Amino acid sequence: MSNRTLTRQATGVILRHAALLGIGYLIGALNQAPWIGISAALIGALTWHVAYRTFLQHWLQISPPPPIPPGSGDWPQIFARIQHFRNRSAAHKERSEKFGAIWQTFVDSLPDAAFVLNSEFEIQACNQRAADILAIDKSHLTGLISNYLRQPQLQSFLHNANDRNNVVITTPRAPDLTLRCRLSHCDKDHLLLQLLDISEQVQAQKMRIDFVANASHELRTPVTVLKGYLDSLVDDETLPGDLRQPVDVMNEQVNRMQELISDLMELNVLESGGLAPVDTPVNVATVLEGVHREAQASPHCPQDFRIEVTSDTGIYGSTSEFHSIVSNLVSNALRFTAAAGSVQVRWSTSPAGGELRVSDTGIGIDEAELTRITERFYRTEAGKARHQFGTGLGLAIVKHALARHESSLSISSEFGKGSVFTCTFPPHRLCEGLSDSDAEH
Ligand code: ADP
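Residues numbered from 1 in each chain as written. Predicted model: local features only at pLDDT ≥ 70, side-chain atom pairs only at ≥ 80, totals over all residues. Heavy atoms only, no water.

Considerations on the side chain of T422
- The topology assignment puts T422 in strand β13 (residues 418-425).
- Judged by its relative accessible area of 12%, T422 falls in the buried class.
- When residues no more than four places from it in sequence are discounted, the contact partners of T422 are E355, L356, R357, S408, L409 and S410. (Helix = DSSP H or I, 4+ residues; strand = E, 2+ residues; numbered from the N terminus. Buried < 20%, exposed > 50% of the residue type's maximum accessible area, 1.4 Å probe, protein only. Contact = heavy atoms within 4.5 Å.)

Written out as C-alpha cells, the structure reads:
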C-alpha cells in the first residue's frame, strides 16, 4: 500500500470518528448535556469496534471462514483484505505442492543421488539414493543442504558459479563412497545437485597406481644388478672382441629400462599426489641455469641453445617437479633438433601469470598427432623414424607435474619447421622477490 493511500485511509478514519463525536456533541447540546452526547458517541464507537474485533477473532479460527460481515467502513474492508491474502496463500500452497510433486518425480527418476535446491540452497526434493547416502529418513531431509553436507569444497562449489568443476567429496555418513558433485539449473529458481558415485573408478585407479608402483619397485632391483655386471663388462679391457657389441647393446637396453622404471615411478608419484605445495618457493632462474649446464653436456645440444630469464619472479611449488618439467621439454627439443638448429627457453611473467616457453627449430609434429603426444608411450611417426627413443613418458610427466601446479601445457608446431611448448602458471602460483636463500634446492 502506498504512503498516499495510507494517509488517505487514516484521514478518513479520523474524520469519520470526529463526525461521530460531533453528532454526539450536537445531540447532547440540544438536550443541554453535550458531554453526555460525546460519551454516548464514544461508547457506541467502542462497542462497534469491540464487536467487530471479537467477530474477527472467531472468523480467523473457523475453517472455512463464514461470510464477511455486511456493512461499510473499516472493518469489512479489513475482513476483505485478510480474505484476499488467505486465498492467495492457499493458491500459492497448492502451486508449490504441485511443483514439489513434479520435482519429486523428477529426482526419483534419476539413478544417482540427487537434490533439487532452491536459490537459497534449501532442499526442495531429494531421491531415496540421496537419503541412503546421508543415512537420514527422506522425509526429514529439509532445510539447507549445508546442514547435511558441510564440506568446504562443496560450499565453494555451490556458491561460486565460476568454480564448478570436478569437485570430489567424501562424507563421514558414507565413508566408503567417493562422490563427484555435479550442479545444473532446472529452471531459473531451482538447481539440481547430483552426487555421482565414482568409488569404483577411484578404487580401480588406486589399484593401477599400486600395481605400477609395486611392479616398478620389483623390477628396479634385478635391473640394478644387471647394470652393475654390465658396467664392469663394458669397462673390461680383456673382453673378447666378438662380445663387445652384444655387451654394448645390452648396456644400452638396461639403461633404457632404468630410465623407464624411474619415469614410471615418477609419473606414479605425480598421479597419486594432490596439489604441489603452495608455500614453497621455487627459484626458476636457478633451475634454468642447472638445466642449461646439463644441456650443454648433452651430445644432442645444438650450437644455438639459449636460455632467457626476463623476470626474477619464481613460483610456488616443487623444485624437483619444476626441474623435471623443464628438463623433459629441453631434452625433447635437443633430441628432435639438428645440430645446426636452435633451441630457446624463455621464462617471463605478467599480471596474467608466468610463462615458460621451450621452442625449437626441429622436426616439428604433424597436426594430427599434436593431441596425442602427451599420452603415455605415444611417439610420433617422425620421431620413430629418427630412432631417438626416450621412454615415451616425458610429456605425460610434464602434464601431470603442471596439473599439480594448477598450470597447463599448450603445444604448437609446424611439421618440418619446429615446435613451441608453453607452460602457463596462474598468478597465485607466482612468488615475487625471491632471493637464493628463500628457494628450496
Ligand atoms: P619421449 O621420451 O619419446 O621423448 P615424450 O612423452 O617426451 O616421450 O614425447 C612423446 C613424443 O612426442 C616423442 O616421442 C616425439 O615423437 C614427440 N615430441 C616431443 N617433443 C618433441 C619436439 N620438441 N619436437 C618434435 N617431436 C617431439
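The discussion continues.
Some points on helix α1 (residues 3-30)
- With 28 residues, α1 ought to run about 40 Å at 1.5 Å a step, and its terminal C-alpha atoms sit 40 Å apart, in line with that.
- Once α1 finishes, Q32 follows within two positions and takes phi at roughly 65°, a positive value. (Expected span 1.5 Å × (residues − 1).)

Observations concerning the site of the ligand
- Close contacts around the ligand come from 21 residues, with N332, R335, T380, G392 and L395 the closest.
- At a separation of 2.6 Å, an oxygen atom of the ligand approaches a polar side-chain atom of R335.
- For the shell around the ligand, the secondary structure elements donating two or more residues are α9 (319-335), α12 (394-404) and β13.
- In terms of residue count, α9 provides more of the shell around the ligand than any other element does, three residues in total.
- Taken together, the residues of the shell around the ligand break down into nine nonpolar, nine polar and three charged. (Near = heavy atom within 4 Å. Polar contact = N/O pair within 3.5 Å; in protein donor to acceptor, adjacent residues only side chain to side chain. Nonpolar A, V, L, I, M, F, W, Y, C, P; charged D, E, K, R; others polar.)

Remarks on the environment of L230
- Relative to the helices and strands, L230 is located in helix α6 (residues 199-235).
- Placed 21 residues apart in sequence, L230 and N251 show a C-alpha to C-alpha distance of 6.0 Å.
- Aside from chain neighbours lying at most four places away, what touches L230 is V247, M250, N251 and V254.

Quick look at the packing of helix α8 (residues 284-296) against α9
- In contact at an axis separation of 10 Å, α8 and α9 are set at 40° when each is read in the N-to-C sense. Between α8 and α9, the angle falls in the class oblique. At the point where α8 passes α9, the crossing takes the right-handed sense. Here α8 contributes V284, V287, L288, V291, E294 and A295 to the contact with α9, which in turn contributes T319, F322, H323, V326, S327, V330 and L334.
- Looking at side-chain class alone, the contact of α8 with α9 contains nine nonpolar, three polar and one charged residues. (Axes fitted to C-alpha atoms, helices over the stretch in contact; angles between N-to-C directions. Parallel < 35°, antiparallel > 145°, perpendicular 65-115°, else oblique. Left-handed = near helix turned anticlockwise from the far one by under 90°.)

Let's talk about the pattern of salt bridges
- Within the structure shown, the criterion is met by 14 salt bridges.
- A salt bridge links E308 to R346, with the nearest nitrogen and oxygen atoms 3.5 Å apart. Taken together, the residues span a long stretch of sequence, with E308 in strand β8 (residues 304-309) and R346 in strand β10 (residues 342-350) at a distance of 38 residues.
- On the accessibility criterion, E308 (37% relative accessible area) is partly exposed.
- The exposure class of R346 is partly exposed, given its relative accessible area of 27%.
- One salt bridge connects K384 with E381, and the closest N-O pair in it is separated by 3.3 Å. One end of the pair, K384, and the other, E381, are both in helix α11 (residues 381-385), three residues apart, so they sit about a helical turn from each other.
- Look at the salt bridges and you will find they share partners, linking R208, E271 and R376 into a network. (Salt bridge = Lys/Arg side-chain N within 4 Å of Asp/Glu carboxyl O.)

Let's talk about the nonpolar core
- If you look at the biggest cluster of nonpolar residues, it comprises 39 residues, and the most contacted ones within it are F322, V330 and L356.
- The set of elements that each furnish at least two residues to this core consists of α7 (241-272), α8, α9, β10, β11 (353-360), α12 and β13.
- The dominant element in this core, judged by the number of residues it contributes, is α9, at seven residues.
- The contacts of V330, once residues within four sequence positions are left out, are V291, A295, F305, V345 and V358.
- Formed by 28 residues, the second largest nonpolar core is a distinct cluster that contains L141, L158, L177 and L179. (Core = buried A, V, L, I, M, F, W, Y, C linked by side-chain atoms within 4.5 Å.)

Here's the deal with helix α5 (residues 152-159)
- Here α5 has its buried residues at L154, Q155, F157 and L158. With its buried residues spanning 160° around the axis, α5 presents them on a single face. For α5, the exposed residues lying more than 90 degrees away from the buried face are P152 and H159.
- Buried positions along α5 lie against β1 (113-118), β4 (167-171), β5 (174-187) and β6 (190-197). (Arc of directions from axis to C-beta.)

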